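Here's the letter readout for the chains.
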Amino acid sequence: MLKYSLLSCLMAVTVIACAQNNHSNKDKVPDDMEVTNNNNLAKATFGGGCFWCTEAQFQYLDGVVKVASGYSGGSVANPSYEAVCTGTTGHAEVIQVTYDTTKITYDELLEAFWQSHDPTQLNRQGNDIGTQYRSVIFYHDEEQHKKAEYYKQKLQESGVYDHPVVTEISPLKNFYVAENYHQDYYNQNGSQSYCYYVIRPKLEKFKKVFKDKLKH
């Protein structure tokens, strides 16, 4: 098992993704959710399996202002959770992170992204199987694109994994905010067995790795 210090340097560790939820609520939060008009704010969009897990982890990072769970990369407009779960819409479950660039960098967010899941699993995370659970970075501009490609190559060359890093790197074309019940899921449902037995251990590991970068 690699030490946390090495994992932090190479931006890599294996974790399990979340299971599906059959909730039928289709109400969505507004697509234009904004915290404030702040020139220091930027956005990043990542998919690392079920968005419940990645959302819970990124919410703890100092400098992260907001995390919205949603869908990206597909061909169907305004998809529902049920449609995305069929694997036929082309969307991935993702989180869109609004962050303060004076407190946290895109490079650090990439580190957290690769720490939050296993980037060598193709179209799955753990027991969650399908293209909707793929490892993916949707970049917002060319600077994000270059950094994502650079760190992916460095991670591959590091030899941390026995298998190739399969993370997709694509331009962001759309982002659809998921239904209300998916937002802030872990904090709202922490007593549920899945949150307690699956998400909580991953979150605790994440907090140990990034203990110097957490909100106080």
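Note: the structure precedes this text.
The text that follows walks through the structure, step by step, so that each part is easy to find. Since this is a predicted model, take the numbers as computed values, not measurements. (Residues numbered from 1 in each chain as written. Predicted model: local features only at pLDDT ≥ 70, side-chain atom pairs only at ≥ 80, totals over all residues. Heavy atoms only, no water.)

### Comments concerning the pattern of salt bridges
Rules: Between Lys or Arg on one side and Asp or Glu on the other, a salt bridge is scored when a side-chain nitrogen of the former is within 4 Å of a carboxyl oxygen of the latter. Secondary structure elements are taken from DSSP: a helix is a run of H or I of four residues or more, a strand is a run of E of two residues or more, and numbering for both begins at the N terminus. Summary of the burial criterion: residues with accessible area below 20% of their type's maximum are buried, those above 50% are exposed, and those between are partly exposed, where the area comes from a 1.4 Å probe applied to protein chains only.
Counted under the stated rule, the structure contains six salt bridges. For the salt bridge of Asp107 with Lys147, the shortest nitrogen-to-oxygen distance reads 2.9 Å. With a gap of 40 residues between them, Asp107 in helix H4 (residues 106-115) and Lys147 in helix H5 (residues 142-158) connect regions that are remote in the sequence. We classify Asp107 as buried; its relative accessible area is 19%. Of the charged contacts, one joins Lys207 and Glu204 as a salt bridge, the two residues approaching to 3.5 Å between their closest N and O atoms. Of this pair, Lys207 and Glu204 are both found in helix H7 (residues 193-209), three residues apart, which corresponds to roughly one turn of the helix. Note on Lys207: relative accessible area 22%, which makes it partly exposed.

### Some details on the packing of aromatic side chains
As a reminder, the rule being used: Only the six-membered ring of Trp is used, alongside the rings of Phe and Tyr, when aromatic pairs are assigned; centres must lie within 6.5 Å, and planes under 30 degrees apart are stacked while those over 60 apart are edge-to-face, with the rest tilted.
Enumeration over the complete set of coordinates arrives at twelve aromatic pairs. Summarising the aromatic geometry, the rings of Phe51 and Tyr71 are spaced 5.8 Å apart at their centres and angled 45° between planes, so their arrangement reads as tilted. Taken together, the residues Phe51 in helix H2 (residues 51-58) and Tyr71 in strand S2 (residues 64-72) connect sequence positions 20 residues apart. Through a chain of ring-to-ring contacts, three or more aromatic side chains come together here, namely Phe46, Phe58, Tyr106, Phe113, Trp114, Phe206 and Phe210.

### A word on H5
Stated precisely, the cut-off is as follows: The span expected for a helix works out to 1.5 Å for each residue beyond the first. In this description, one arc is meant: the one made by directions from the helix axis to the C-beta atoms.
Relative to the 24 Å expected for 17 residues at 1.5 Å per residue, H5 spans 24 Å between its end C-alpha atoms, a close match to the ideal helical length. Those residues of H5 not exposed but buried are Gln144, His145, Ala148 and Leu155. Taken around the axis of H5, the buried residues stretch over an arc of 105°, which confines them to a single face. The exposed set on the far side of H5, more than 90 degrees from its buried face, consists of Glu143, Lys146 and Glu157. Positive phi shows up at Gly159, right after H5, with a value of about 80°.

### Brief notes about the nonpolar core
Rules: In plain words, nonpolar cores are sets of buried Ala, Val, Leu, Ile, Met, Phe, Trp, Tyr and Cys residues tied together by side-chain atoms within 4.5 Å. In what follows, a contact means two residues having at least one pair of non-hydrogen atoms within 4.5 Å.
Within the largest apolar cluster, 46 residues are counted, with the highest numbers of intra-cluster contacts made by Phe46, Phe51, Phe58, Leu61, Leu109, Ile137 and Ile199. Residues within four places of Leu109 in sequence aside, it is in contact with Ala44, Phe46, Phe58, Leu61, Val64, Tyr99 and Ile104. If you look at the next biggest cluster of nonpolar residues, it comprises seven residues, including Val94, Phe138, Phe175 and Val177.

### Section: the sheet that holds strand S6 (residues 135-139)
Applied cut-off: Think of it this way: DSSP has to see at least two bridges between two strands before they count as a pair. Here the axes come from fitting lines to C-alpha atoms, over the contacting stretch only for helices, and the angles between their N-to-C directions go from 0 to 180 degrees.
Read across the open sheet, the six strands follow the order S7-S6-S1-S3-S2-S8; overall the sheet is mixed. Every interior strand has two partners, whereas the edge strands, strand S7 (168-171) and strand S8 (176-177), have only one. Sheet topology places strand S1 (residues 41-48) next to strand S3 (residues 92-100); six bridges connect them, and they run antiparallel. Bridging from a neighbouring strand, Phe46 pairs with Ile95 of S3. Along the sheet, H4 makes contact with S1, S2, S3 and S6, crossing S1 at roughly 20°.

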